[in-house]
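# Examination of the molecular architecture
Chain by chain, the residues run as shown.
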Amino acid sequence: GDSVTQMEGPVTLSEEAFLTINCTYTATGYPSLFWYVQYPGEGLQLLLKATKADDKGSNKGFEATYRKETTSFHLEKGSVQVSDSAVYFCALSRLTGGGNKLTFGTGTQLKVEL
Amino acid sequence: ETGVTQSPTHLIKTRGQQVTLRCSSQSGHNTVSWYQQALGQGPQFIFQYYREEENGRGNFPPRFSGLQFPNYSSELNVNALELDDSALYLCASSAGQGISGANVLTFGAGSRLTVL
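Our subject in this report is the structure included herewith. (Residues numbered from 1 in each chain as written. Chains lettered and ligands numbered in written order. Predicted model: local features only at pLDDT ≥ 70, side-chain atom pairs only at ≥ 80, totals over all residues. Heavy atoms only, no water.)

All names here are of chain B. Reading across from one edge, 1-3-8-7 is the order of the four strands in this open sheet, with antiparallel pairing throughout. Looking along the sheet, the strands with just one partner apiece sit at the ends: strand 1 (5-7) and strand 7 (64-68). Averaged over all pairs of adjacent strands, the angle between their axes in this sheet comes to 20 degrees, without regard to strand direction. Looking at chain direction, strand 3 (residues 19-24) and strand 8 (residues 74-78) are connected through five bridges and run antiparallel. Each bridged residue has a counterpart across the sheet, and for R22 the counterpart in strand 8 is E75. (Pairing = 2+ DSSP bridges. Helix = DSSP H or I, 4+ residues; strand = E, 2+ residues; numbered from the N terminus. Axes fitted to C-alpha atoms, helices over the stretch in contact; angles between N-to-C directions.)

Right under this line is the structure:
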């Protein structure tokens, strides 16, 4: 079945440091890939998405490129801020008769310190 | 536009009891999905409702059931609660069944259920 593997956290960085959170997936066909972010006490917010190979999703300084050859969708940001502290989830979806089923990774907690 | 709202935000039940969680979808959205997020884990798909019918289900037993109403709001019902049902239950709505560039999921803040 479909699965998503993320690097374990917590990841602790100083403000303005470079961020990479690794994500790899297993799925048949051509899934769409997503990064969601969850701030404390809140629901999930879509951060960025990519729907086909070599697409780059970007938002709020975050980027991720859909790499089919390595089945990866790593999240990057050039300079993190304290306000980026949250849990980040990588997810995939395949268009099937069953609709909007998202398969999530276990999440990576990011802590950014001054 | 209003987002996805869920109620209650927190509740405590004992083993064997039944619980009903409620969700109001975002304005203009006609599809509702439910996810279970155990502590420290990613959300797991429970099921999806479209046009008041279940049209996709994850690996959850039949004691997890749901409803969708004509105004697209939804309920999640769990019977015979078990300790492992303790989790954050997330509702998400979308403007269609399939995930495409336009049809993304909007999540609510969740209902945290504790089973003692």
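Quick look at the nonpolar core now. All names here are of chain A. One finds W35, L48, F73, L75 and Y88 to be the most contacted residues of the largest nonpolar core, which totals 25 residues. Looking at this core, the elements with two or more residues in it are strand 2 (11-14), strand 3 (19-21), strand 4 (23-26), strand 5 (32-38), strand 6 (44-50), strand 8 (62-65), strand 10 (86-93) and strand 12 (108-113). Here this core gets four residues from one element, more than from any other, and that element is strand 10. Not counting the four nearest positions on each side in its chain, L75 is found in contact with L19, T20, I21, W35, L47, L48, F62, E63, A64 and Y88. (Core = buried A, V, L, I, M, F, W, Y, C linked by side-chain atoms within 4.5 Å. Buried < 20%, exposed > 50% of the residue type's maximum accessible area, 1.4 Å probe, protein only. Contact = heavy atoms within 4.5 Å.)

Residue and element names in this part refer to chain A. Along the chain, Q6 falls in strand 1 (residues 3-6). A polar contact is formed between the side chain of Q6 and the backbone nitrogen of G107, at a distance of 3.1 Å. Those residues in contact with Q6 that lie beyond four places of it in its chain are I21, N22, W35, Y88, F89, C90, G105, T106, G107 and T108. (Polar contact = N/O pair within 3.5 Å; in protein donor to acceptor, adjacent residues only side chain to side chain.)

Under the defined criterion, the tally for this structure stands at seven salt bridges over all chains. In this structure, the salt-bridge partner of A:K52 is A:D55, at a minimum N-O distance of 3.3 Å. For A:K52, a relative accessible area of 51% gives the class exposed. Residue B:R63 is joined to B:D85 by a salt bridge in which the shortest nitrogen-to-oxygen separation is 2.8 Å. Of this pair, B:R63 sits in the loop between strand 6 (53-57) and strand 7 while B:D85 sits in the loop between strand 8 and strand 9 (87-94), and the two are 22 residues apart along the sequence. The network of salt bridges with common partners includes B:R63, B:E82 and B:D85. (Salt bridge = Lys/Arg side-chain N within 4 Å of Asp/Glu carboxyl O.)

Function cannot be inferred from these measures alone, as they are strictly geometric.
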